Amino acid sequence: MAAEEQPLLGRDRGSGQVHSGATADQELCIDQAVVFIEDAIKYRSIYHRMDAGSLWLYRWYYSNVCQRVLGFIIFLILILAFVEVPSSFTKTADVRYRSQPWQPPCGLTETIEAFCLLAFLVDLSVKGYLVGQAQLQQNLWLLAYFMVLVVSVVDWIVSLSLACEEPLRMRRLLRPFFLLQNSSMMKKTLKCIRWSLPEMASVGLLLAIHLCLFTIIGMLLFTIGEKDEAQDQERLAYFRNLPEALTSLLVLLTTSNNPDVMIPAYTQNRAFALFFIVFTLIGSLFLMNLLTAIIYNQFRGYLMKSLQTSLFRRRLGARAAYEVLASRAGPAGTTPELVGVNPETFLPVLQKTQLNKTHKQAIMQKVQSYEGRPMLADEFQKLFDEVDKGVAKERPLKPQYQSPFLQTAQFIFSHHYFDYLGNLVALGNLLSICVFLVLDSDLLPGERDDFVLGILDYIFILYYLLELLFKVFALGLPGYLSYHSNVFDGLLTIILLVSEICTLAVYRLPHSGWKPEQYGPLSLWDMTRLMNTLIVFRFLRIIPNIKPMAEVANTILGLIPNLRAFGGILVVAYYVFAMIGINLFRGVIVPPGNSSLVPDNNSAVCGSFEQLGYWPNNFDDFAAALITLWNVMVVNNWQVILEAYKRYAGPWSMVYFVLWWLVSSVIWINLFLALLLENFLHRWDPQGHKQLLVGTKQMSVELMFRDILEEPKEEELMEKLHKHPHLHLCR
């Protein structure tokens, strides 16, 4: 920075004051560089205050502790929906058997909610102060944050003034916003969905035209004649009027009521099958898959645009750190363009940066390779590519044994063939369980002879214990625990051993004709089922030893971190629709006997809501609403739920369920498929596979598209830096 732009230098003070000002200025530059690097690593914007106090507040706000506390507060306010009226604290959601739930007293959940809202107000205040008033007025997310808080506080005051008896709480619908605004990736995903809506709407219009045309054709085909009214079951069942015909074909589009809707017409004339086959081919196999392809293509394009912004933020943050350090790196009279960043200058910055220890060491090794000469801008940028590389985990050294016998045993028990033997034993254990499940399938617990099964359990668990001890002997305890598969096996082995010891203490040793289920406080059959279930899980150890299966498993595990944003969007959709459903349909489903409109199971029509016992599918509380929405999203038999709510609540209820089907099954599922396809294509690509071999097991979305994104130009970076409202550079 130029001397005239740095008030901390204090040119008019005495020599001691000048030295003190220069030291303070150096500390400020280091802190600024640290924050810029952390912003770059986390893909955060650098447009925030840069004075010493603000930098301390900024780093405190984005510390792990502070962010985890904020995440817990968001979780707490969302989870209140299970406790608030209507409470979900009942054993069953079935309206026929559900007891009166515990209802919290007025003021209990409201107090917790007030604490959460106060925390969000502090969060907004800190964010607003750090970005400054000018940036705050341009940030739509922060302005929306303020409006949501205002509405929530006003609605909270109304609740208390009405003694918690208000019919509608608007703030419940707004709670998912707190989850959205706290995740940059969720914001990007939401923006991509908004940008992709026009293309989705075009295919949706084609689907609507397709539905309408075939509905009209179906109404004309299955018209009731004067003589065949009694025989025309198709018209009476599915094409009675235009709305019902449209609903029947909409459900058929999801193949949920296939072939039920076709059978009556097909029974009369086999030629009618062509109508339903052509409808399904065009709608389900062509237009729906075309919608998937369009969503994948459009979403991928807009997602890359958002990720291009993330890459620009990383490069801009790194370049800002370079400019801050390079502007004071050289001796008097030299220009920053010719100087760069000295390694000695960069060392204290790296030490203060919140970064993985392994990544710090990798960056330091790269810095040392410059042998003390200043780093130029491109070289400085490439330092932080080490952050994206996989961390090669170093295994602890094996124990050193002097005895040749012990060395041989160590070699045997640490060899991968010993793992193969363990897999064969686990397979044999699993097969023995299957044999006894088949033999004892028709016998009651009191009629079974558990002698052989009990002996086999002891033998297999004894082997698992010996395997654990032999591996600890060969690898050492730190080496054994350094493998995730060993931790998984060891934990299950300890649980199995404890279970067997408890069984032995209660039931003693097994013998022929053993009937221990008659003794003791425990059920031996339940204990045996628990142990066998754990053994089945232990068989999963075979996955890493089968390469294709291991690749698929690693791909799935690597996909999990990238699904946080998509899972968050689904949580928001579920939350909002569940709250709307509670306000619309709470108390609509009533048990038999309480209304003349509700038939019991014996008199209900076959395949109806009542006959199938779908009573738990209701919106009487938040948990029940979530499960009902899940059942509709899966679309298996969802026409039963649609028809029931149409009878109990009215025909307008169809709009709610169709909208939920569009949001969950059509839009979100296709977005999930887009990310899943991209992840698998990248993982199975030869170049991507080479990157995985380096050690990158879990790849972020930003890194997944890194080879496709365009690197920002020097002029663009400098132009953005000069527009920084709180940072003044000398060039």
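Residues numbered from 1 in each chain as written. Predicted model: local features only at pLDDT ≥ 70, side-chain atom pairs only at ≥ 80, totals over all residues. Heavy atoms only, no water.

### Concerning the packing of aromatic side chains
Put simply, the test is: A pair of Phe, Tyr and Trp rings is counted when the ring centres sit within 6.5 Å of each other, with Trp represented by its six-membered ring. The angle between the planes then sorts it: under 30 degrees is stacked, over 60 is edge-to-face, the rest tilted. Numbering of helices and strands runs from the N terminus; a helix is a DSSP stretch of H or I covering at least four residues, while a strand is a stretch of E covering at least two. Relative accessibility under 20% of the residue-type maximum defines a buried residue, over 50% an exposed one, and the middle range a partly exposed one, all with a 1.4 Å probe and only protein chains included. Throughout this description, the term charge over a ring refers to an Arg CZ or Lys NZ atom that lies within 6 Å of the ring centre and within 35 degrees of the ring normal.
Enumeration according to the criterion identifies 38 aromatic pairs in this entry. Here Phe82 and Phe622 contribute two aromatic rings whose centre-to-centre distance is 4.9 Å and whose plane-to-plane angle is 85°, an arrangement assigned as edge-to-face. Of this pair, Phe82 sits in the loop between helix 3 (64-79) and helix 4 (108-138) while Phe622 sits in helix 23 (residues 622-634), placing them 540 residues apart in sequence. Of the residues examined, Phe82 reaches a relative accessible area of 25% and is grouped as partly exposed. The exposure class assigned to Phe622 is buried, which follows from its relative accessible area of 3%. Both rings, one in Phe275 and one in Phe276, keep their centres 5.0 Å apart while their planes meet at 90°; by these two values the pair is edge-to-face. Each of the two residues, Phe275 as well as Phe276, counts as buried. Three or more aromatic residues joined by ring pairs make a cluster, and in this case those are Tyr574, Phe577, Phe585, Phe619, Tyr645, Trp652, Tyr656, Phe657 and Trp660. Sitting above the plane of the Tyr129 ring, Arg49 keeps its charged end 4.6 Å from the centroid.

### A look at unusual backbone geometry
Of note, the bond from Val85 into Pro86 is cis; its omega dihedral lies within 30 degrees of zero at 0°. Position of Pro86 relative to the elements: it lies in the loop between helix 3 and helix 4. Across the junction of Asn258 and Pro259, the peptide omega takes the value 5°, indicating a cis bond. Mapped onto the secondary structure, Pro259 falls in the loop between helix 10 (242-253) and helix 11 (263-268). In the Ramachandran plot, Tyr43 falls in the positive-phi region, its phi being about 60° despite a non-glycine side chain. Relative to the helices and strands, Tyr43 resides in the loop between helix 1 (15-41) and helix 2 (52-61).

### Some words on the state of the cysteines
Keep this limit in mind: Two cysteine sulfurs form a disulfide in these notes if their separation is within 2.5 Å.
Here the structure, examined in full by the defined rule, presents one disulfide. With its sulfur 1.9 Å from that of its partner, Cys106 forms a disulfide with Cys164. Taking the sign of the S-S torsion, 70° for the link of Cys106 and Cys164, the bridge is right-handed. Taken together, the residues span a long stretch of sequence, with Cys106 in the loop between helix 3 and helix 4 and Cys164 in the loop between helix 5 (140-161) and helix 6 (170-174) at a distance of 58 residues.

### Looking at the layout of surface pockets
Any space left empty among the atoms is revealed by the rolling of a water-sized probe across them. Rules: Using a grid of 1 Å spacing that covers the protein atoms alone, one calls a set of points a cavity when a 1.4 Å probe fits there but cannot get out, and a pocket when the set is open and has protein on both sides within 12 Å along at least five of seven lines; lining residues are those with an atom within 4 Å of a point. Grid points are joined across faces, edges and corners, and a volume is the space filled by probe spheres set on the points.
In this structure, the second largest pocket occupies an estimated 720 Å³ of space. As for the second largest pocket, its lining consists of 25 residues, of which Ala237, Tyr238, Gly607, Gln639 and Glu643 are closest to the centre. When contributions to the lining of the second largest pocket are tallied by element, the ones reaching two or more residues are helix 10 and helix 24 (638-648). For the lining of the second largest pocket, the leading source of residues is helix 24, giving six residues.

### Regarding the packing of helix 3 against helix 4
The condition is simple: Whenever a helix is involved, its axis is fitted only over the stretch in contact; in every case the axis is a line through C-alpha atoms, and angles between N-to-C directions fall within 0 to 180 degrees. Should an angle fall under 35 degrees it is taken as roughly parallel, and over 145 as roughly antiparallel, whereas 65 to 115 is taken as roughly perpendicular and any remaining angle as oblique. Take the far helix as your reference; a near helix turned counterclockwise from it by less than a right angle gives a left-handed crossing, and one turned clockwise gives a right-handed crossing. Note on definitions: a residue-residue contact is assigned when non-hydrogen atoms from the two residues lie within 4.5 Å.
Where helix 3 contacts helix 4, the two axes come as close as 10 Å, and the packing angle between them is 140°. Regarding the angle of helix 3 to helix 4, the classification is oblique. Relative to helix 4, the crossing made by helix 3 is left-handed. Packed against helix 3, whose contacting residues are Leu70, Ile73, Ile74, Leu76 and Ile77, the element helix 4 presents Ile112, Glu113, Phe115, Cys116, Leu117, Ala119, Phe120 and Asp123 at the interface.

### Concerning the packing of helix 4 against helix 5
For the pair helix 4 and helix 5, interaxial distance at closest approach is 9 Å and the crossing angle is 155°. Our classification of the angle between helix 4 and helix 5 gives roughly antiparallel. Helix-helix and strand crossings are classified by hand; for helix 4 and helix 5 the assignment is left-handed.

### Quick word on the pattern of salt bridges
Applicable threshold: Here, a salt bridge means any Lys or Arg side-chain nitrogen found within 4 Å of an Asp or Glu carboxyl oxygen.
Tallying each qualifying case throughout the model produces 21 salt bridges. Taking the shortest distance from any N to any O, the salt bridge between Glu244 and Arg240 comes out at 2.9 Å. Given a relative accessible area of 44%, Arg240 falls into the partly exposed group. Its salt-bridge partner being Glu714, residue Arg319 comes within 2.5 Å of it at the nearest N-O pair. On the criterion of sequence distance, the pair formed by Arg319 in helix 12 (residues 273-326) and Glu714 in helix 28 (residues 714-722) is long-range, its members being 395 residues apart.

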